[in-house]
Amino acid sequence: MSGGCGRNPPPFPDNEDQEAELDTRVLDSDEDDDDEGEDIFTGARSKPITPTSAPDEGDIFSEEGSYIRSDVHHATNGLHSDEELDLFTEATVELTLTNTTSQGRREIIGPTASACNTTHVPNSILKPSIVTKTMEELEEEESGDQFELNIAVTNPEKIGDGMNAYMSYKVSTQTTLPMFLNKTFSVRRRFSDFLGLYEKISAKHSLLGCIIPPPPQKSVVGMTKVKVGKEDSSSAEFVEKRRAALERYLQRVVAHPSLLQDPDVREFLERDELPRAVNTQALSGPGLLKMINRASDAVNKMTIKMNESDNWFESKLQEVENEEQLLRRLHAAVDSLVNHRKELCINTAVFSKSVAMLGSVEENSALSRALSQLAEVEDKMEQLHQQQAFSDFFILAELLADYVRLLGAVRCCFEQRMKVWQRLQEAQSTLQKKREAEAKLLWANKPEKLQQAKDDINEWESKVSQYERDFERVTCTVRKEVLRFEKEKARDFKQHIVKYLESLLHTQHRLVKCWEAFLPEAKAIA
Amino acid sequence: MTSISEDSDKEKVRSVSVDLNNDASLVIDIPDALCERDKVKFTIHIKTTLSSFQKSEFSVPRQHEDFIWLHDTIVETEEYAGLIIPPAPPKPDFEGPREKMHKLGEGESSMTKEEYAKMKQELEAEYLAVFKKTVQVHEVFLQRLSSHPMFRKDRNFQIFLEYDQDLTVRRKNAKEMFGGFFKNMVKSADEVLISGVKEVDEFFEQEKIFLLDYSSKIKDATAKAEKMTRSHKNVADDYNHISGAMNSIAADNNTAFKKTISVCVLQKLEDRVASDQELKLTELLRYYTRDIQAAKDLLYRRARALADYENSNKTLDKARLKGKDIAQAEENQKQCLRKFDKLSESGKKELTSFKARRVVAFRKNLIEMTELEIKHAKNSMSLLQGSIEILNSN
């Protein structure tokens, strides 16, 4: 795929030598997309993803629960090029091919590569850790072979110019599943392709009562800025946010056993060129049609009152709705935290400069030196705050936003079941009417129309039994799906919370180091 | 130049000025203060061995306005023109807590019981912090007066300490306040003129340059520090809201959430404490901004005296030419010279000791702040580590 000059983020200031080296490798390896093997990983490496968590992965894989981070993180600004960073080590999803209710799937969120900020790229981006199987979970695994499928979304590139421009993302897959042609391969996709995939999956599976992971949201403002070519940090941030969201989306899709089997998903991952998904634009004809459908659905939902034999569904739906509200609130609070921390960043930087100026004027030389040291400490504080804001956002805020939308998808799932039930009801009432019609005919003694009536009854009888079976199946599927979802959610949240606490710990640790270095300077004032 | 006595706890509080209360002959502190609506009543406690006082140990209540009166009368006293006059304590500012209290009252109905209780607690803590700060700043003012060889003998100071009734009669009336305002305006206009006066003494020339530059830089640093600590407080508050929101979610037995809540609450506390430490730095900067201004005022007065002296020279020359009022002019000139010399001499002493005092105060404050930052970060770390371990072992 040709491309405009790859918009890799500007190299991290301290590592221009390294970056220059890696950059050339990227340009070479990007020529052919298939069967990149190692190149995918090194290519992706050109981004300033500091693999300071790579040692973490080692820790996690050895299944030690304790936090041994203290030595691992150096307060340096550099990339740690000692270990070869395998992009996919963080993107492991282990799955079974058998379509069972059990787990064995991990929802892993891939590497949150640094945002393309121009000045302060955080030194160590903390990526969510991987939780390997515990012993019990391994036992719970149904029979079925273990296969691996790792997905990463990387290398956003702007294709074209002006209002027709779009971002193209590299979707790389690494797998041992036999149903794919190769073990490692990658393709380039654009945002509308992802939306198209969602449409296709949704059309097929939502009627069965599956929970379909929602794709990342469209953003006219964000994309316009990118299209117009504003190369500032906010559009870079937007691209990074979207890239990470697309990655999480795909990982959730393949974590779902029946979705993974879907040929559309396979095609999305494998096929070189996808036909352009045209009915995904908001203001297109199909887009408007969708909106109308959604509106009528909403009205329907209000008027259907199901006769529940099992209270489980009603109470579960209520639970889901409540939780959605609470998560929204929590998300708003975390959002506010992110913003305030960004503010703190700015104010700290300004203060640092001011202290430096004061130090330069101070006549006592020791005090003057101490003040300039203080200015440097505050500068480091600013970087710490920036990193923490990053973690706040990518670990917590995005997780919460994702789950607010996922809960919406769960609600849709319940609604589907209700639709199926409604269809059954309607069929049953139609059958009833046909039977009444037959009775009337018998009474009026019109034998020629009787055959027709009998045929009608047969037709509708089989329809009713079909719909009954459908309803049973959907009920069963929804139940399974909800249970699977809840397990995933608990695991996801726990993982992320641990990751977030680790990021806080890391920040505090760096903080201690900074101040401890400053203390002797302060004591040296005479 | 002075020993820093670290014995009492209170000493730690007084980090802006360290040469105080070393002399047992006159010991002043503010052990107590009452806040009645808008007014703060400070209880000043004095212990003295000086014979000029009637009793050896006594207490007296005073209001903020009384402090201002004392400061202004000292400023207006000619004798002290050659001294750096300790800056007046700023008015107690309870705006922040008051605003919060208002918000709390309004939102009471929409909050849960725990949230309300928590906010109330926070409000009280903030109130207490402002309170402590204002007490400290008033205390330091008095202590600087009491530890200065000249100010401690001041008649008005003694009245302030001893007069057992309300000082209302002595406070400025409107006319005097207006006069003061006008004087300030004239002063700033003069400042421009004075800075153009040719300086004969190398020491003062240096001081002038340094103080002018330093003054603007420290003012700037103070403002920026204030902004920064405010942001830090906002972050701490956010953690509060997050833990509140998580509380509502942790309906199920989700340990992850519960742990995070406790972490958030403590993180908030830590952040709050951290911002308090930054506040120390802000306080130091703020105090020295005022002190630098006081030093500048001294320079101004001396420059004024120099200008007067030069004027008196011119008058004398004119008188000699005209042959009239020579004796008067001579006398005037002698007086001006005397005044100028006195100012220069005491000014030099004062400015030199001011330098030393400033360096020592900065040192103490920076060390304290750094040590506290380290301590609290380490606390945070152990708390976080514990939580992570618990979560990972589940």
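Note that this is a predicted model, so its numbers are computed, not measured.

S.K.: It is not clear to me how the overall build of chain B should be interpreted in this structure. Could you clarify?
M.R.: If you tally the helices and strands in chain B, you get nine helices and three strands. Counting from the amino terminus, helix and strand elements in chain B follow one another as α-β-β-β-α-α-α-α-α-α-α-α. The burial tally for chain B puts 49% of its 394 residues in the buried class. Put simply, 73% of the contacts in chain B that link residues at least 6 apart link residues at least 24 apart. Carbon and sulfur atoms make up 55% of the accessible area of chain B, which totals about 19,900 Å².

S.K.: When you look at the overall build of chain A in this model, what are you seeing that I'm missing?
M.R.: Looking only at helices and strands, one finds 13 helices and four strands in chain A. Considering chain A as a whole, with its 526 residues, one finds that 55% of them fall into the buried category. Counted over contacts in chain A with a minimum sequence separation of 6, partners at least 24 positions apart contribute 78%. Total accessible area on chain A is roughly 23,300 Å²; 54% of this is exposed by carbon and sulfur atoms.

S.K.: Is there a simple way to think about the packing of helix α3 (residues 95-106) of chain B against helix α4 (residues 113-147) of chain B in this case?
M.R.: When two helices pack together, you describe them by how their axes are tilted relative to each other and by the distance separating the axes. Residues and elements named next belong to chain B. Put simply, α3 and α4 touch, their axes get as near as 9 Å, and they point 165 degrees apart. With respect to their mutual orientation, α3 and α4 come out roughly antiparallel. In this structure, α3 meets α4 at a crossing whose hand is left-handed. Residue-level contacts link G96, P97, K100, M101 and L104 of α3 to Y116, M119, K120, E122, L123, E126, Y127 and V130 of α4.

S.K.: So what exactly am I meant to see when it comes to a positive patch on the surface here?
M.R.: Residues and elements named next belong to chain B. A surface patch of positive charge is lined by K314, K318, K322 and K324. Among the secondary structure elements, K322 is positioned in helix α8 (residues 255-322). A relative accessible area of 63% places K322 in the exposed class.

S.K.: What am I meant to see in the packing of helix α7 (residues 233-255) of chain A against helix α12 (residues 365-444) of chain A here?
M.R.: All names here are of chain A. Contact geometry of α7 with α12 gives a least axis separation of 12 Å together with a crossing angle of 55 degrees. Classified by the interaxial angle, the pair formed by α7 and α12 is oblique. Note on packing geometry: the crossing formed by α7 with α12 is right-handed. Across the interface between the two elements, E240, K241, A244, R248 and R252 from α7 touch F393, F394, E398, D402, Y403 and L406 from α12.

S.K.: How do you make sense of the interface of chain A and chain B when you look at a structure like this?
M.R.: How big an interface is tends to be stated in terms of accessible area lost as the parts join. Listed per partner, the contact involves 53 residues of chain A and 57 residues of chain B. Taking both partners together, chain A and chain B bury about 5,200 Å²; carbon and sulfur atoms supply 73% of that area. On inspection of chain A and its partner chain B, the count reaches four salt bridges. Those elements giving two or more residues to the side of chain A that touches chain B turn out to be α11 (311-361), α12 and α13 (447-523) of chain A.

S.K.: Can you help me understand the pairing of strand β4 (residues 184-190) of chain A in this one?
M.R.: All names here are of chain A. A large share of β4 lies buried, amounting to seven of its seven residues. Alignment of strand β3 (residues 166-175) against β4, held across seven bridges, turns out to be antiparallel. Note on β4: the bridge partner recorded for Q174 is T184.

S.K.: Any chance you could explain the side chain of N347 of chain A here in plain terms?
M.R.: As for its position among the elements, N347 of chain A is in helix α11. Its relative accessible area of 10% is what places N347 of chain A among the buried residues. Here K227 of chain B takes part through its backbone oxygen, which lies 3.5 Å from a polar atom of the side chain of N347 of chain A. The residues touching N347 of chain A, leaving out its near neighbours within four places in the chain, are K227, M228 and S231 of chain B.

S.K.: Teacher, can you tell me more about the sheet that holds strand β1 (residues 26-36) of chain B here?
M.R.: In a beta sheet, neighbouring strands are held together by backbone hydrogen bonds and run either parallel or antiparallel to one another. Residues and elements named next belong to chain B. Pairing within the open sheet is antiparallel, and its three strands lie in the order β1-β2-β3. The open sheet has two free edges, formed respectively by β1 and β3 (57-63), since each of these has just one partner strand. Strand-to-strand, the axes of this sheet are offset by a mean angle of 20 degrees, without reference to chain direction. Running at roughly 95 degrees to β3, helix α5 (residues 155-162) makes contact with β1, β2 (39-48) and β3 of the sheet.

S.K.: Honestly, the pattern of salt bridges in this entry has me stumped. Any pointers?
M.R.: Close approach of charged atoms allows side chains with opposite charge to pair. Residues and elements named next belong to chain A. One pass over the full model with this rule turns up 45 salt bridges over all chains. Residues R435 and E461 are paired through a salt bridge, measuring 2.5 Å at the closest nitrogen-oxygen approach. Note that R435 is positioned in helix α12 and E461 in helix α13, a separation of 26 residues in sequence. Ionic contacts of the salt-bridge type, sharing partners, join the residues R248, R252, E398, D402 and D492 into one network.

S.K.: So what exactly am I meant to see when it comes to the environment of E378 of chain A here?
M.R.: Inspection of the secondary structure puts E378 of chain A in helix α12. Judged by its relative accessible area of 2%, E378 of chain A falls in the buried class. Not counting the four nearest positions on each side in its chain, E378 of chain A is found in contact with T348, F351, S352 and W515 of chain A together with M228 of chain B.

S.K.: Please clarify how the side chain of S368 of chain A should be interpreted in this entry.
M.R.: Residues and elements named next belong to chain A. With respect to the helices, strands and loops of the structure, S368 is situated in helix α12. Within the structure, S368 has its side chain in polar contact with the backbone oxygen of G359 (distance 2.7 Å). Not counting the four nearest positions on each side in its chain, S368 is found in contact with G359 and E362.

S.K.: It is not clear to me how the nonpolar core should be interpreted in this structure. Could you clarify?
M.R.: Soluble globular proteins tend to bury their nonpolar side chains together. Ranked by internal contacts, the top residues of the largest apolar core, which has 109 residues, are L327, L374 and W515 of chain A together with L285 and F362 of chain B. Put simply, the parts of the chain that give this core at least two residues each are α11, α12 and α13 of chain A together with α7 (202-249), α8 and α9 (326-393) of chain B. Here this core gets 29 residues from one element, more than from any other, and that element is α12 of chain A. In terms of nonpolar packing, the next biggest core, distinct from the first, is built from 32 residues, Y169, L195, L246 and L260 of chain A among them.

S.K.: Teacher, can you tell me more about the state of the cysteines here?
M.R.: By definition, a disulfide links the sulfur atoms of two cysteine residues through a covalent bond. Taken as a whole and assessed by the stated rule, the structure comprises zero disulfides over all chains. Take C412 of chain A: it sits in no disulfide, and the sulfur closest to it among the cysteines is that of C413 of chain A, at 8.5 Å.

S.K.: Could you clarify how one ought to interpret the confidence of the model for chain A in this entry?
M.R.: Residues and elements named next belong to chain A. For chain A, per-residue confidence averages 72 on the pLDDT scale, and 66% of positions sit at 70 or higher. Of all the helices and strands in chain A, helix α3 (residues 54-61) carries the lowest mean pLDDT, 34, while α11 carries the highest, 90. Note on residues 1-86: pLDDT is under 50 here. Beyond four places in sequence and across chains, it has 146 contacts. Note on residues 89-144: pLDDT under 50 across the span, and 180 contacts to partners over four residues away in sequence or across chains.

S.K.: Teacher, can you tell me more about the UniProt feature "coiled-coil region" (unreviewed entry) in chain A here?
M.R.: Per the UniProt entry, the sites bearing "coiled-coil region" (unreviewed entry) are residues 450-477 of chain A in this numbering. Taken as a whole, residues 450-477 of chain A contains 100% helix and 0% strand, while its terminal C-alpha atoms sit 40 Å from one another.

S.K.: Looking at this structure, how should I read unusual backbone geometry?
M.R.: Note on backbone geometry: most residues besides glycine have negative phi, and most peptide bonds are trans. Positive phi values are uncommon outside glycine, yet N155 of chain A reaches one of about 50 degrees. Within the secondary structure, N155 of chain A sits in strand β2 (residues 146-159). In this structure, D325 of chain B takes a positive phi of about 50 degrees despite not being glycine. Among the secondary structure elements, D325 of chain B is positioned in the loop between α8 and α9.

S.K.: Can you walk me through the environment of I151 of chain A in this structure?
M.R.: Residues and elements named next belong to chain A. Tracing the chain through its elements places I151 in strand β2. Exposure remark for I151: the relative accessible area of 0% places this residue in the buried category. Residues I151 and S172 lie 21 residues apart in sequence; the distance between their C-alpha atoms is 5.7 Å.

S.K.: For this particular structure, what's the right way to read the packing of aromatic side chains?
M.R.: How two aromatic rings sit relative to each other is set out by the distance from centre to centre and by the angle between their planes. Residue and element names in this part refer to chain A. Taken as a whole and assessed by the stated rule, the structure comprises 22 aromatic pairs over all chains. Relative to F394, the ring of F390 has its centre 5.5 Å away and its plane inclined at 40 degrees; by these criteria the two rings are tilted. Linking F390 with F394, this pair stays in helix α12, spanning four residues, or about one helical turn. Here F390 matches F394 in class, with each residue buried.

How each quantity is defined
Residues numbered from 1 in each chain as written. Chains lettered and ligands numbered in written order. Predicted model: local features only at pLDDT ≥ 70, side-chain atom pairs only at ≥ 80, totals over all residues. Heavy atoms only, no water. Helix = DSSP H or I, 4+ residues; strand = E, 2+ residues; numbered from the N terminus. Buried < 20%, exposed > 50% of the residue type's maximum accessible area, 1.4 Å probe, protein only. Contact = heavy atoms within 4.5 Å. Areas by Shrake-Rupley, 256 points an atom, 1.4 Å probe, with all protein chains shown as cover. Axes fitted to C-alpha atoms, helices over the stretch in contact; angles between N-to-C directions. Parallel < 35°, antiparallel > 145°, perpendicular 65-115°, else oblique. Left-handed = near helix turned anticlockwise from the far one by under 90°. Patch = residues over 30% accessible without salt bridge, like charges linked within 9 Å, V, L, I, M, F, W, Y side chains within 5 Å. Salt bridge = Lys/Arg side-chain N within 4 Å of Asp/Glu carboxyl O. Lys, Arg positive; Asp, Glu negative; His and termini not counted. Charge placed at Lys NZ, Arg CZ, Asp CG, Glu CD. Buried area = accessible area lost by both parts, 1.4 Å probe. Pairing = 2+ DSSP bridges. Polar contact = N/O pair within 3.5 Å; in protein donor to acceptor, adjacent residues only side chain to side chain. Core = buried A, V, L, I, M, F, W, Y, C linked by side-chain atoms within 4.5 Å. Disulfide = S-S within 2.5 Å. pLDDT = per-residue confidence, 0-100. UniProt positions renumbered as here; feature names shortened; annotations may be inferred. Phe/Tyr/Trp six-rings, centres within 6.5 Å; stacked < 30°, edge-to-face > 60°.

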